[in-house]
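Here is what each chain is made of, one letter per residue.
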Amino acid sequence: MSIEIPPDHPRRISLETREMIIEGHQKHIVATAGLLAHGRGEAFDYFIGETTTEQSRHAVRAAVAAMLTAEHPVISVNGNVCALVPEALVQLSELTSAPLEINLFYYRKEREDAILKVLRDAGAKEVLGTHDRPSETIPELSSNRRKVDPDGIGRADVVVVPLEDGDRTEALRKMGKYVITIDLNPMSRTSVHSNITIVDNIVRCTPLMVEFAKELRTESKEDLRDIVQAFNNEKNLGKSLEIIVNHLKAKVVEDIGGSLEQ
Ligand code: ATP
Ligand code: MG
């Protein structure tokens, strides 16, 4: 880490996470637009209270259950995700038999190589979506993320697409995929169009997904399917928004409530 953040700093984790993104950018892992996407995430995290809510735990549990019941689950990796949680992703990938597939909006060979190295160093044995592999295209999309690996997202029934763009999420749904995302903004198009949205910071919820994967692995497929079926993403997003509104209301009372009454 290039700057030293005092251990008792009240916003230490947030600042350390930001440093990881900056470092990732310097190492060509994170695209410049990824810095802005992270900033948007930080703002929503502030609104949520920078904590994993019960609602997020509920979504994490359903997401992991969906991965464990899938025939071909896949985890899509972009620059920000790789800069923040490479080890947890590799663990989750192994526990759920979901291969990692690199998908970059702003493709550069240099970025692909940098991401591949980080994933390999984190223990990934096989990484899909690289340029030496065959590729298929998602219809209706014009960006670089149109390309998918036929052994990965191409044949997947369940795809985990953390920090994804709305267009691609919609396109994946149109292809009949069951889409799980992680997005701090419950109003983003990605959040709205996914089957399961984990409204949480990826740095907090990915290790939690690993914990749930360890726990749920031994459950029967039937019980896991029941967990997935009982999950309702509309309700989940509504409750997540409510959490934000209540948190902001509590802030108003706490910080400036008195003066507002006058
Ligand atoms: P959409 O296209 O889905 O409407 P968008 O254009 O607002 O979304 P993008 O820039 O495409 O957003 O993607 C970034 C998304 O990822 C944002 O919604 C942001 O809140 C979220 N995000 C950024 N960093 C994190 C993080 N660390 N954890 C979880 N979500 C994050
Ligand atoms: Mg977008």
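Residues numbered from 1 in each chain as written. Chains lettered and ligands numbered in written order. Predicted model: local features only at pLDDT ≥ 70, side-chain atom pairs only at ≥ 80, totals over all residues. Heavy atoms only, no water.

Colleague: Sorry, what's going on with the nonpolar core here?
Modeller: Within soluble globular proteins, side chains that are nonpolar tend to cluster in buried spots. Judged by nonpolar contacts, the single largest core of 54 residues is most densely connected at Leu-119 and Met-209. In terms of residues, this core owes the most to one element, helix 3 (residues 54–69), which gives nine residues. Setting aside its immediate chain neighbours within four residues, Leu-119 contacts Val-77, Cys-82, Val-90, Leu-100, Ile-102, Ala-124 and Val-127. Counting residues in hydrophobic clusters, the runner-up holds eleven residues, among them Val-74, Ile-138, Ile-153 and Ala-156. (Core = buried A, V, L, I, M, F, W, Y, C linked by side-chain atoms within 4.5 Å. Buried < 20%, exposed > 50% of the residue type's maximum accessible area, 1.4 Å probe, protein only. Helix = DSSP H or I, 4+ residues; strand = E, 2+ residues; numbered from the N terminus. Contact = heavy atoms within 4.5 Å.)

Colleague: For this particular structure, what's the right way to read the pairing of strand 1 (residues 73–77)?
Modeller: Regular strands place side chains that alternate from one sheet face to the opposite one. The buried fraction of strand 1 amounts to five of the five residues, a majority that puts the element mostly inside the structure. Residues Pro-73, Ile-75 and Val-77 line one face of strand 1 and the alternating positions Val-74 and Ser-76 line the opposite face, and both faces are buried. The pairing of strand 1 with strand 6 (residues 158–160) spans three bridges and is classified as parallel. Bridge pairing links Val-74 to Val-159 in strand 6. As defined by bridge partners, strand 1 adjoins strand 2 (residues 100–102) across three bridges and the pair is classed as parallel. Of the residues in strand 2, the one forming a bridge with Ser-76 is Glu-101. (Pairing = 2+ DSSP bridges.)

Colleague: Explanation requested: the site of ligand 1 in the structure shown.
Modeller: As a matter of local geometry, ligand 1 sits amid 18 residues, with Gly-166, Asp-183, Arg-189, Thr-190 and Asn-201 nearest to it. At 2.9 Å, a backbone N or O of Arg-189 approaches an oxygen atom of ligand 1. The separation between an oxygen atom of ligand 1 and a polar side-chain atom of Thr-190 is 2.6 Å. The fraction of the free accessible surface of ligand 1 (630 Å²) that becomes covered by protein chains is 88%. The site holding ligand 1 turns out to be the largest pocket. Looking at the shell around ligand 1, the elements with two or more residues in it are helix 2 (32–48) and helix 8 (189–193). Here the element with the most residues in the shell around ligand 1 is helix 2; it accounts for four residues. In terms of residue class, the shell around ligand 1 is built from five nonpolar, seven polar and six charged. (Near = heavy atom within 4 Å. Polar contact = N/O pair within 3.5 Å; in protein donor to acceptor, adjacent residues only side chain to side chain. Areas by Shrake-Rupley, 256 points an atom, 1.4 Å probe, with all protein chains shown as cover. 1 Å grid on protein atoms, 1.4 Å probe; cavity = no way out; pocket = protein on both sides within 12 Å on 5 of 7 lines; lining within 4 Å. Sits in = over half its atoms within 2 Å of the grid points. Nonpolar A, V, L, I, M, F, W, Y, C, P; charged D, E, K, R; others polar.)

Colleague: I'm lost on the packing of helix 3 against helix 9 (residues 202–216) in this one. Help?
Modeller: Between two packed helices, the angle of one axis relative to the other and the distance separating the axes together describe the packing. Where helix 3 meets helix 9, the closest approach of the two axes is 9 Å, and the angle between their N-to-C directions is 55°. Classified by the angle between their axes, helix 3 and helix 9 sit oblique to one another. Relative to helix 9, the crossing made by helix 3 is right-handed. Along its contact with helix 3, which presents Arg-57, Val-60, Arg-61, Ala-63, Val-64, Ala-65, Met-67 and Leu-68, the element helix 9 presents Cys-205, Leu-208, Met-209, Phe-212, Ala-213 and Leu-216. (Axes fitted to C-alpha atoms, helices over the stretch in contact; angles between N-to-C directions. Parallel < 35°, antiparallel > 145°, perpendicular 65-115°, else oblique. Left-handed = near helix turned anticlockwise from the far one by under 90°.)

Colleague: Could you clarify how one ought to interpret a negative patch on the surface in this entry?
Modeller: A contiguous patch of negative charge, built from Glu-215, Glu-219, Glu-222, Asp-223 and Asp-226, is present on the exposed surface. With respect to the helices and strands, the residue Asp-226 is situated in helix 10 (residues 221–230). Under the relative-accessibility criterion, Asp-226 is labelled partly exposed at 45%. (Patch = residues over 30% accessible without salt bridge, like charges linked within 9 Å, V, L, I, M, F, W, Y side chains within 5 Å. Salt bridge = Lys/Arg side-chain N within 4 Å of Asp/Glu carboxyl O. Lys, Arg positive; Asp, Glu negative; His and termini not counted. Charge placed at Lys NZ, Arg CZ, Asp CG, Glu CD.)

Colleague: What am I meant to see in the packing of aromatic side chains here?
Modeller: Applying the stated criterion across every chain yields a total of two aromatic pairs. On the basis of an interplanar angle of 45° and a centroid distance of 5.0 Å, the ring pair of Phe-105 and Tyr-106 is categorised as tilted. (Phe/Tyr/Trp six-rings, centres within 6.5 Å; stacked < 30°, edge-to-face > 60°.)

Colleague: How should the sheet that holds strand 2 be read in this particular structure?
Modeller: What holds strands together in a sheet is hydrogen bonding between their backbones, with the strands either parallel or antiparallel. Read across the open sheet, the six strands follow the order 3-2-1-6-7-8; overall the sheet is parallel. In the strand order of this sheet, the two ends are held by strand 3 (127–128) and strand 8 (196–198), each with one partner. Summarising the sheet, strand 2 and strand 3 pair through two bridges and their orientation is parallel. Pairing of Glu-101 across the sheet is with Leu-128, part of strand 3. Contacting strand 1 and strand 2, helix 5 (residues 86–96) runs over the sheet at an angle of about 170° to strand 1.

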